[in-house]
Amino acid sequence: GNSAIFAAASEACEMSVSASESKVGACLSRQDSHLRHIVLHPNGTRRLAWAGIGMLLLIWDAVTIPLQVFDFGSFESFFKVISAIVICYWAVDIPICFLIGYKARDGTFEMRPEAIARHYLKTWFWPDVFVVAIDVIITLVVDSGLLVQHKFEASSTSQAGALSVR
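No experiment lies behind these values; they were computed from the predicted model shown.

Criteria and thresholds
- Residues numbered from 1 in each chain as written.
- Predicted model: local features only at pLDDT ≥ 70, side-chain atom pairs only at ≥ 80, totals over all residues.
- Heavy atoms only, no water.
- Axes fitted to C-alpha atoms, helices over the stretch in contact; angles between N-to-C directions.
- Helix = DSSP H or I, 4+ residues; strand = E, 2+ residues; numbered from the N terminus.
- Left-handed = near helix turned anticlockwise from the far one by under 90°.
- Contact = heavy atoms within 4.5 Å.
- Nonpolar A, V, L, I, M, F, W, Y, C, P; charged D, E, K, R; others polar.
- Phe/Tyr/Trp six-rings, centres within 6.5 Å; stacked < 30°, edge-to-face > 60°.
- Core = buried A, V, L, I, M, F, W, Y, C linked by side-chain atoms within 4.5 Å.
- Buried < 20%, exposed > 50% of the residue type's maximum accessible area, 1.4 Å probe, protein only.
- Polar contact = N/O pair within 3.5 Å; in protein donor to acceptor, adjacent residues only side chain to side chain.
- Salt bridge = Lys/Arg side-chain N within 4 Å of Asp/Glu carboxyl O.
- Expected span 1.5 Å × (residues − 1).
- Arc of directions from axis to C-beta.
- Patch = residues over 30% accessible without salt bridge, like charges linked within 9 Å, V, L, I, M, F, W, Y side chains within 5 Å.
- Areas by Shrake-Rupley, 256 points an atom, 1.4 Å probe, with all protein chains shown as cover.

Student: Talk me through the packing of helix α2 (residues 45-67) against helix α3 (residues 76-97); I want residue IDs and the actual numbers.
Tutor: Where α2 meets α3, the axes come as close as 11 Å, and the angle between the chain directions of the two elements is 145°. At the point where α2 passes α3, the crossing takes the left-handed sense. Of the residues in α3, those touching α2 at W50, A51, I53, G54, L57, L58, W60, D61 and T64 are F78, F79, I82, V86, Y89, W90, V92, D93 and I96. Looking at the contact of α2 with α3, its residues break down into 14 nonpolar, two polar and two charged.

Student: Outline the packing of aromatic side chains, supporting the account with residue identities and numerical values.
Tutor: Under the counting rule described, the total for this entry stands at 10 aromatic pairs. Chaining the aromatic ring pairs together yields one cluster made of W60, F72, F78 and F79.

Student: A description of the nonpolar core should follow, citing residues and the corresponding values.
Tutor: Soluble globular proteins tend to bury their nonpolar side chains together. Core analysis: the biggest nonpolar cluster contains 12 residues, these being W50, L57, L58, I82, V86, Y89, W90, I94, C97, Y120, F125 and V132. Elements represented by at least two residues in this core include exactly α2, α3 and α5 (125-144). The element that contributes the greatest number of residues to this core is α3, accounting for six residues. Beyond its immediate chain neighbours, meaning those up to four positions away, L57 contacts V86 and Y89.

Student: Go over the side chain of T108, please, and point to the residues and values.
Tutor: Relative to the helices and strands, T108 resides in the loop between β2 (102-103) and β3 (109-110). At 2.6 Å, the side chain of T108 and the side chain of D106 are in polar contact.

Student: Quick one: what's the story with the pattern of salt bridges, residue by residue and with numbers?
Tutor: Going through the model one piece at a time under the given rule, you end up with one salt bridge. Ionic pairing is found between R112 and E110, a salt bridge with its closest N-O pair at 2.6 Å. Judged by its relative accessible area of 23%, R112 falls in the partly exposed class.

Student: Let's hear about α5: which residues, and what values?
Tutor: Over its 20 residues, α5 extends 28 Å from the first C-alpha to the last, a length consistent with the 28 Å expected when each residue adds 1.5 Å. Of all the residues in α5, the buried ones are F125, D128, V131, V132, D135, T139 and V142. Down the axis of α5, the sector holding all buried residues measures 145°, keeping them to one side. Exposed and oriented more than 90 degrees from the buried face of α5 are W126, F130, I137 and L140. Count one or two residues on from α5 and you reach G145, which has phi positive near 85°.

Student: How would you summarise a nonpolar patch on the surface if you had to cite specific residues and measurements?
Tutor: On the surface, L56, I59, V63, L67, V69 and F70 cluster together to form a nonpolar patch covering roughly 600 Å² of accessible area. With respect to the helices, strands and loops of the structure, V69 is situated in the loop between α2 and α3. A relative accessible area of 64% means that V69 is categorised as exposed.

Purely spatial values, then, with no claim about function.
Encoded structure:
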């Protein structure tokens, strides 16, 4: 069960460290943390797949947001559904970021949940919360009909800047 997951994660972590690097503890992890088995390696397959989904959603926004000035009739509900999916992705991404390891200044991969959480809170947590909150508020305003421009849809394009800077 958990020991197999930890062994696979440790093996993946060790494989990602260059062969020339001889630092002991190139991937830092604690055996005593109950969250250690769900921490994602920053170069791991699951982490890259999650980031790939985010990139696809950003491309979707980049293509469809300029098209929102046109009347798409029956496709409008489809665009609203995709917009809701985009917002849900970014909202779920915030807690996931608390469990994604990072490469420390000394070249090691930090995989301890406590250290990852501190690092995320000091770096991208507040910008992420701000952008997602704006998206949610705009979507609620648009869906409630308080906004006169009925073609304006909430989007996550501001996430593109945050993702590309990371």
